[in-house]
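Residue-level listing of the chains:
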Amino acid sequence: MRLRIFGGVGLLAAAALLSGCDSQPTTVKMADTKADAAAKLRASQAAKVKLAAQVKANELGQIPVLMFHRVIDKPGSTDDRTPQQFRADLERLAREGYVPITAAEMVAGKIDIPAGKHPVVLTFDDSSPSQLTLNEVGVPAPNTAVAILKDVAAKHPGFPAKATFYVTRDMFGKTVREEQAQMLGWLKENGFEIGNHTRDHINLRGRSHKEVDEQISTIAQQIDSLSGVHPTTIALPYGNQPSNKEWAMHGKAYNHQGAFLAGYTPAPAPFSKAFEPQGIPRIKVMEKKGDCKQFCSEAWLDWLKNNPDMRYTSDGDVRTVAYPKFKNPYLRKSFSKWGLPY
């Protein structure tokens, strides 16, 4: 009897040994899986670094934020552009590899554009009818800024119709609430950003905290009630900041991530230590004439073209901040975990 019992145990043991002789312990398999994952991560990182180097990515470079006002046949000031000039402005940007993003996307660091391309922010102040007028069926009227932008975007698939419109109570020339809601609703539905430009377009410099809050809060509440949009950026009238810069950022009815000034220079990237959200510079759009020989759009776009190492160039991955290694000291610490130096 014992012999039979021991024989059965021996057979079971042998079977167990035979069945498990080629298998690995679970802990070994887990270690292999982690090693494989680590290897894949290293390979992915190496590929990202290689691509960034190939396209000469520089996501600590400067970004042109262009400042437009009216688009009209007969300009009344140097702030105005004719439809032909505005179309030429956009065609140049498309030709030179720029991709429009909104002001909100810029300040949030959500710059999702193809590798080797450059972001540009198109901003429109004062909510003029020349920027947006809708016909009886809700289509932008010919030669308005939006119509021209959409036309250029259709001809250049990599150049989307994106822009930021800074609104005052003039509201594209509309005074009836329903018409105002239609204008803002059209912008919202078509992917344009609606920003704050104060209620009355007054100079905020020297104003009391109460006056600043009232000017910004009242238009913010109006925009919200008409469209459900809470503006996250503001363009300061005349480019002038209030006595306390934070007054333009946070108030009773608003919480801005960025405040934009008037025309002067390209803006630092949001990942750069030089970036100051309370005072982001913009560039006036104009040819090289007078003071604009150095400080307007034609001059600055020429400069960025001739100094590509100073211009923001994307690596194509919104999850990383790619740049040449020597620029590492300029990276803001809050973005260090996303840094991709090469």
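Calculation notes
- Chains are numbered independently. Their residues run from 1 in the order of the written sequence.
- Reporting of local features is limited, given that this is a predicted model, to residues whose pLDDT is at least 70; pairs of side-chain atoms are given and counted only at 80 or more, and all residues count toward the totals for whole chains, interfaces and linings.
- Heavy atoms from the whole structure form the basis of all side-chain values; hydrogens and water molecules are not counted.
- Buriedness of a pocket was judged along seven lines, with at least five required to meet protein on both sides within 12 Å; pockets are open sets of points on a 1 Å grid over the protein atoms alone, cavities are sets where a 1.4 Å probe fits but cannot get out, and lining residues have an atom within 4 Å of a point.
- Grid points are joined across faces, edges and corners, and a volume is the space filled by probe spheres set on the points.
- Residue classes follow a fixed rule: Ala, Val, Leu, Ile, Met, Phe, Trp, Tyr, Cys and Pro count as nonpolar, while Asp, Glu, Lys and Arg count as charged, and any other residue, Gly among them, counts as polar.
- Here pLDDT means the predictor's own confidence in every residue, given as a number from 0 to 100.
- The contact rule is simple, with two residues in contact once any of their heavy atoms fall within 4.5 Å.
- Residues belong to one nonpolar core when they are buried, are Ala, Val, Leu, Ile, Met, Phe, Trp, Tyr or Cys, and are joined through side-chain atoms within 4.5 Å.
- Relative accessibility thresholds used throughout: buried, under 20% of the residue-type maximum; exposed, over 50%; partly exposed, between the two (1.4 Å probe, protein chains only).
- The helix and strand labels rest on DSSP assignments: H or I over at least four residues marks a helix, E over at least two residues marks a strand, and numbering proceeds from the N terminus.
- By convention in this document, the label disulfide applies to cysteine sulfur atom pairs within 2.5 Å.
- Note: two strands are recorded as paired if DSSP finds a minimum of 2 bridges between them.

Caption draft 1: How the structure looks around empty space enclosed by the protein. The final tally for this structure, using the stated rule, is 1 cavity of 30 Å³ or more. Its boundaries defined by the atoms lining it, the largest cavity holds a volume of some 30 Å³. Along its surface, the largest cavity is lined by Glu59, Gly109, Ile111, Phe271, Tyr312, Asp317, Val318 and Thr320. Tallied by class, the residues present in the lining of the largest cavity amount to 4 nonpolar, 2 polar and 2 charged.

Caption draft 2: Representation of the confidence of the model for the protein chain in the model. Averaged over the protein chain, the pLDDT score is 93; the fraction of residues at 70 or greater is 91%. Per-residue pLDDT stays below 50 along residues 1-21; that stretch engages in 0 contacts with residues further than four places along the chain or on separate chains.

Caption draft 3: How the structure looks around the nonpolar core. One finds Leu90, Leu93, Leu122, Leu184, Leu187 and Phe192 to be the most contacted residues of the largest nonpolar core, which totals 41 residues. Contributions of two or more residues to this core are made by strand 1 (65-68), helix 3 (83-95), strand 3 (118-125), helix 5 (145-155), strand 4 (164-167), helix 6 (177-189), helix 7 (209-227) and helix 9 (297-306). Per-element accounting of this core gives the leading share, 6 residues, to helix 5. Ranked by size, the runner-up nonpolar core spans 24 residues in total, among them Ala103, Met106, Val321 and Phe335.

Caption draft 4: Quick peek at the state of the cysteines. Inspection of every chain in the model, using the stated rule, returns 1 disulfide. Each disulfide pairs two cysteine sulfurs, and for Cys292 the partner residue is Cys296, the sulfurs being separated by 1.9 Å. A torsion of -40 degrees about the S-S bond marks the disulfide between Cys292 and Cys296 as left-handed. The two residues Cys292 and Cys296 agree in class, both being buried.

Caption draft 5: Up close: helix 9. Those residues of helix 9 that sit buried are Ser297, Ala299, Trp300, Leu301 and Leu304. Check the buried side of helix 9 and you find it contacts strand 1, helix 3, strand 2 (98-101), strand 10 (280-284) and helix 8 (292-295).

Caption draft 6: A look at the environment of His69. Within the secondary structure, His69 is located in the loop between strand 1 and helix 3. Sequence-wise, His69 and Tyr323 are 254 residues apart; in three dimensions their C-alpha atoms are separated by 34 Å. In this structure His69 touches Asp79, Phe124, Asp125, Asp126 and Gln131, once residues within four positions along its chain are discounted.

Caption draft 7: Representation of the pairing of strand 10. The buried fraction of strand 10 amounts to 5 of the 5 residues, a majority that puts the element mostly inside the structure. Burial along strand 10 is two-sided: the residues Ile280, Arg282 and Lys284 and Pro281 and Ile283 are all buried. In terms of strand pairing, strand 1 meets strand 10 through 2 bridges, oriented parallel. Each residue of the ladder has a partner; that of Met67, found in strand 10, is Lys284. Pairing of strand 9 (residues 258-263) with strand 10 involves 2 bridges; the strand directions are parallel. The residue of strand 10 that forms the bridge with Phe260 is Ile280.

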